[in-house]
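# Coordinate inspection notes
Listed below are the residues making up each chain.
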Amino acid sequence: MIEIQFRGNLGFDRVDLDLKRIEGIVRDGATVCHVVINTSRMSSPGYETEEEALSTEELELSVLRQLAESDSRYAPHADHWAKVYYRSKRMALEDYAPEDILATLQSQIDSVRGGSDDH
């Protein structure tokens, strides 16, 4: 997942910002499954930015929750899985050993399944 955050003041109307083109450029340059373009901290003539825009973590958790909700296997525990996905990503970025990440994932799977393998 790649998130692009735009901040500041545009010298033109926000609707003229070609977000699909920007997403296409990102997808052409990187192998990603999801691109998030956050414009909540931008303003353009006649528009104001939101006072309390989502933090990067909140935005990422929201996207991960939506992904979990879209899969019937994970939907009943979408909040839990969003946090698991997020934690796994953080562990990878912090250079945890793959075995540690896998052990963390396995413990989360076991906690949701109640330790059984019949789900």
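For the structure given in this document, a descriptive report is provided here. Given the structure is predicted, the values throughout are model-derived calculations rather than measurements.

## Description of the pattern of salt bridges
- The tally for this structure, following the rule as stated, stands at five salt bridges.
- Between D79 and R65 there is a salt bridge, with its nearest N and O atoms 2.4 Å apart. In this pair, D79 sits in helix α3 (residues 78-93) while R65 sits in helix α2 (residues 56-69), placing the two residues 14 residues apart along the sequence.
- For R65, a relative accessible area of 27% gives the class partly exposed.
- Between R90 and E94 there is a salt bridge; the shortest N-O distance is 3.8 Å.
- Residue E94 is classed as partly exposed on the basis of its relative accessible area of 41%.

## Topic: the nonpolar core
- Membership of the largest hydrophobic core is limited to eight residues, which are I4, L10, L17, I22, V26, V32, V35 and M42.
- Elements supplying a minimum of two residues to this core: α1 (19-29) and β2 (35-43).
- For V26, the residues in contact, after removing those within four places along its chain, are I2, I4 and V35.

Criteria and thresholds
Residues numbered from 1 in each chain as written. Predicted model: local features only at pLDDT ≥ 70, side-chain atom pairs only at ≥ 80, totals over all residues. Heavy atoms only, no water. Salt bridge = Lys/Arg side-chain N within 4 Å of Asp/Glu carboxyl O. Helix = DSSP H or I, 4+ residues; strand = E, 2+ residues; numbered from the N terminus. Buried < 20%, exposed > 50% of the residue type's maximum accessible area, 1.4 Å probe, protein only. Core = buried A, V, L, I, M, F, W, Y, C linked by side-chain atoms within 4.5 Å. Contact = heavy atoms within 4.5 Å.

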